[in-house]
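# Chains, contacts and geometry: an overview
The chain contents come next:
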Amino acid sequence: MTKANWNYPTAIKFGPGRIAELPEALKAAGISRPLLVTDSGLAGLPVTQNTLKLLKDAGIPVGLFADVKPNPISANVEAGIKVLREGGHDGVIAFGGGSGLDVGKVIAFMAGQTRPMWDFEDIGDWWTRADPAGIFPIVAVPTTAGTGSEVGRAGVITDETTHTKKVIFHPLMMPKVVIADPELTVGMPKFITVGTGMDALAHCLEAYCAPGYHPLADGIAVEGIRLVFENLPKVYADPLDVEARGHLMSAAAMGATAFQKGLGAIHALSHPVGALYDTHHGMTNAVFMPYVLAVNRVAVEAKLARLSAYLGLAPTYEAFLHAVIALRLRLDVPHTLAEFKVDGSKRELIGDMAIVDPTAGGNPVELTKDRALEIFDRAMEGRV
Ligand SMILES: [Fe+2]
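Parameters and conventions
Residues numbered from 1 in each chain as written. Predicted model: local features only at pLDDT ≥ 70, side-chain atom pairs only at ≥ 80, totals over all residues. Heavy atoms only, no water. 1 Å grid on protein atoms, 1.4 Å probe; cavity = no way out; pocket = protein on both sides within 12 Å on 5 of 7 lines; lining within 4 Å. Points joined across faces, edges and corners; volume = space filled by probe spheres on them. Helix = DSSP H or I, 4+ residues; strand = E, 2+ residues; numbered from the N terminus. Nonpolar A, V, L, I, M, F, W, Y, C, P; charged D, E, K, R; others polar. Axes fitted to C-alpha atoms, helices over the stretch in contact; angles between N-to-C directions. Parallel < 35°, antiparallel > 145°, perpendicular 65-115°, else oblique. Left-handed = near helix turned anticlockwise from the far one by under 90°. Contact = heavy atoms within 4.5 Å. Donors = N, O, S within 2.8 Å, 3.2 Å for Na, K, Ca; no water. Tetrahedral: all angles 85-135°; square planar, octahedral: opposite > 155°, others 65-115°. Salt bridge = Lys/Arg side-chain N within 4 Å of Asp/Glu carboxyl O. Disulfide = S-S within 2.5 Å. Buried < 20%, exposed > 50% of the residue type's maximum accessible area, 1.4 Å probe, protein only. Domains from an automatic or database assignment. Buried area = accessible area lost by both parts, 1.4 Å probe. Pairing = 2+ DSSP bridges.

### Looking at empty space enclosed by the protein
Summed over the entire model, instances satisfying the criterion amount to two cavities of 30 Å³ or more. The computed volume of the largest cavity comes to approximately 70 Å³. Contributing to the lining of the largest cavity are Leu 205, Glu 206, Cys 209, Leu 263, Gly 264, Ile 266, Val 292, Leu 293, Asn 296, Val 300, Asn 363 and Pro 364. Those elements that provide at least two residues to the lining of the largest cavity are helix 6 (190-209) and helix 10 (281-295). The leading source of residues in the lining of the largest cavity is helix 6, at three residues. Its residues assigned to classes, the lining of the largest cavity shows eight nonpolar, three polar and one charged. Here the second largest cavity is characterised by a volume of approximately 40 Å³. Lining the second largest cavity, in full, are Ala 145, Thr 185, Met 188, Thr 193, Thr 196, Gly 197, Leu 232, Arg 245 and Leu 248. Within the residue set of the lining of the second largest cavity, elements represented by two or more residues are helix 6 and helix 8 (242-258). Sorting elements by how many residues they give to the lining of the second largest cavity places helix 6 first, with three residues. Residues belonging to the lining of the second largest cavity are distributed by class as follows: four nonpolar, four polar and one charged.

### Considerations on the packing of helix 9 (residues 265-277) against helix 10
Contact pair helix 9 / helix 10: the axes reach a minimum separation of 9 Å and the direction vectors enclose 135°. Between helix 9 and helix 10, the crossing angle belongs to the class labelled oblique. Both helix 9 and helix 10 take part in a crossing whose hand is right-handed. Here Ala 265, Ile 266, His 267, Leu 269, Ser 270, His 271 and Val 273 of helix 9 lie close against helix 10, whose contacting residues are His 281, Thr 284, Asn 285, Phe 288, Met 289 and Val 292. For the contact of helix 9 with helix 10, the class distribution of residues is seven nonpolar, six polar and no charged.

### Some thoughts on the coordination of the iron ion
Looking at the metal site, the iron ion is ligated by Asp 199 (OD), His 203 (NE2), His 267 (NE2) and His 281 (NE2), spaced 2.1 to 2.2 Å from it. Classification of the site at the iron ion rests on its four donor atoms, whose angles at the metal span 84 to 169°, yielding the label irregular.

### Quick word on the pattern of salt bridges
Opposite charge on two side chains lets them pair, provided their charged atoms get close. According to the stated counting rule, one finds 16 salt bridges in the structure shown. For Asp 159, the salt bridge goes to Lys 166, with nearest N and O atoms at 2.9 Å. What emerges from the salt-bridge pattern is a single network uniting Arg 347, Glu 348, Asp 352, Lys 369 and Asp 377.

### Side note on the state of the cysteines
Inspection of the entire model under this criterion finds zero disulfides. Just so you know, Cys 204 is unpaired, no disulfide at all, and the nearest cysteine sulfur is the one on Cys 209, 11 Å from it. With relative accessibility at 0%, the residue Cys 204 sits in the buried group.

### Observations regarding the domain arrangement of the chain
Domain boundaries in the chain define domain 1 (11-185) and domain 2 (190-381). The C-alpha-based centres of domain 1 and domain 2 are spaced at 26 Å. With 17 residues of domain 1 in contact, the opposing surface of domain 2 contributes 17 residues. Buried surface at the junction of domain 1 and domain 2, both sides included, amounts to about 1400 Å², of which 67% is carbon and sulfur.

### Thoughts on the sheet that holds strand 1 (residues 12-14)
Hydrogen bonding along the main chain pairs the strands of a sheet, whether they run parallel or antiparallel. Strand order across the open sheet formed by six strands is 1-8-5-4-2-3, with parallel pairing between neighbours. Here the strands that pair on one side only, and so sit at the sheet edges, are strand 1 and strand 3 (63-65). Looking at each pair of strands side by side, their axes are set apart by 20° on average, direction ignored. In this structure, strand 5 (residues 138-142) lies alongside strand 8 (residues 177-180), joined through two bridges in parallel fashion.

Here it is, written out as structure tokens:
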């Protein structure tokens, strides 16, 4: 039988109001002088300010670093390391959506390293170059339900010299404790709620469809898919539905837990489109989803029929495809890239970038340039 490596050990404190337990979580992680890292957009919002106040009221000397762009660059990490070292901090609270969580994790990882960051890109065993003693502990607090980076062991940083996203990986970049408090997601704009929720769905779906023997991932992915289908429309209709938001937060963590198995063409196409047109990551995934299912059909038909049965649909591939299209319609996701203000002028470049994207290898049919362009063309025309 196939040999495999499975890694699922994150400690998560889940539920409304659990942010109040952040002081104990820091103590459990061995952090007494935390640096809270988040993005510049989030820094001034009540969700961040209330968290800082909570820590100050508990007598914890907390610093704030928020010089982080939505698609974080290496300069953001370098600036954060400087603040961490000069402030005498001994750990990081990675706080926010994908950018705050990823930069926070990478700053903690780089805190005591002597080699440059790109030496630790997720290639082969490059992570073994790191000094484990120089990695500071991390407590992660997601404020969106999508990326799932709180349960991951990597951070995505853009190399501003090549305009490509690179993955920095180390097993000890996994947060010691996660506080998953759905109340923190309540203030999100609707567009972000939908985009991040569809990102979680894309993570679960692509992990489930990726080839390879990983029954833990498959089991987690199908339940994550069910949670998004049932709860994203509820939150869209009523943004104050904290219970439904909780289920989305679970689905986000489940998606990122499952996708160590692999991702696929949705992400491989979404990454270049996002890099070239600055579109929202999760929303771009949502646009590509049905077109990728159509092109992957031969390889995923039986799997998706089984998934449909689990979701209470007719046990067929078509039933799942139609459910995805209906969900997008209900959430006002654009049906075509054209509606998303993407034009065809960079078609060739997008094809070239998609096939070398780190996620392309997880697609259930080989993502050749022809196939990538076929998906792109369908997404431009709205031809499922
Ligand atoms: Fe994603």
